[in-house]
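# Coordinate analysis (summary)
Chain residues, written in single-letter form:
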Amino acid sequence: VRKAPGGKALTRLYPGEHIGFVVDADGQLAKLKRVKSPLETEIFQREGEIYLRDVITREPEIRRSFASATIESSLFLAGRNAGLPQTLIMDLANIFGGVIDFVLDPRKGDTFHIVYEELYLDGEKLKDGNILAAEFVNQGQSYTAYRYLGDDNRVGYYSADGVSMRRQFMLAPVD
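A few points on the structure. (Residues numbered from 1 in each chain as written. Predicted model: local features only at pLDDT ≥ 70, side-chain atom pairs only at ≥ 80, totals over all residues. Heavy atoms only, no water.)

### Notes on the side chain of Thr111
Note on placement: Thr111 falls in strand β6 (residues 111-121). With residues near it in sequence (within four places) discarded, Thr111 still touches Ala69, Thr70, Glu135, Phe136 and Val137. (Helix = DSSP H or I, 4+ residues; strand = E, 2+ residues; numbered from the N terminus. Contact = heavy atoms within 4.5 Å.)

This is the structure:
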């Protein structure tokens, strides 16, 4: 902790992290490996009286995926039946929350289509990523949203006309 640049970070370990130790023939710590996540690993290697820190960061493979569903009873059930996790369903509701009241507006027969990212590492799915584009057809009215990353790294969703989907107030709280 005291003998390595960045070693103080070892005082804050979190559930799910893995720690490995290598001890030399004299019983002294030679190497410490901290796996923070599948994407980030820290290695502390002894060099004389200090430890050098190396951070290994891996980039996931991003694959695009598509889902589509027709609402029979609720947005949540339609999303689950389309194989979407709860987080993506909530993201979809948040994107359109300024133009659709998800308490009163959705009707049986409404549809949605989304293109989203899935993150893979070593051929296995790690997690779902961002919604890239979405369409929600509510009572015959079609709403589209496209993800845009601005120069300031702020993410927004915009209609095909370039109008922000973000409104001052949502029509109904979805959380």
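Moving on from the coordinates now.
### Notes on helix α2 (residues 86-96)
The set of residues buried in α2 consists of Leu88, Ile89, Leu92, Ala93, Ile95 and Phe96. Along α2, the residues classed as buried sweep out an arc of 160° about the axis, all on the same side. Elements in contact with the buried residues of α2: α1 (75-81), β6, β7 (124-138), β8 (141-149) and β9 (155-158). (Buried < 20%, exposed > 50% of the residue type's maximum accessible area, 1.4 Å probe, protein only. Arc of directions from axis to C-beta.)

### Considering the nonpolar core
Ranked by internal contacts, the top residues of the largest apolar core, which has 24 residues, are Leu75, Phe96, Phe112, Ile114 and Ile131. With 6 residues, the single largest contributor to this core is α2. If we ignore the near neighbours within four places in the chain, the residues touching Ile114 are Ser65, Phe66, Ala67, Leu84, Leu92, Ile131, Ala133 and Ala134. One finds Ala4, Leu10, Leu32 and Tyr51 within the second-largest nonpolar core, a separate group that totals 5 residues. (Core = buried A, V, L, I, M, F, W, Y, C linked by side-chain atoms within 4.5 Å.)

### Description of the pattern of salt bridges
Scanning all chains against the criterion turns up 10 salt bridges. We note a salt bridge from Arg46 to Asp24, for which the minimum N-O separation is 2.5 Å. You can see Arg46 sitting in strand β3 (residues 40-47) and its partner Asp24 sitting in the loop between β1 (18-23) and β2 (29-37), a full 22 residues away along the chain. The shortest N-O distance in the salt bridge between Glu40 and Lys36 comes to 3.7 Å. By relative accessible area, which is 31% here, Lys36 ends up partly exposed. By sharing partners, the salt bridges in this structure join Glu17, Arg34, Glu42 and Arg53 into a single network. (Salt bridge = Lys/Arg side-chain N within 4 Å of Asp/Glu carboxyl O.)

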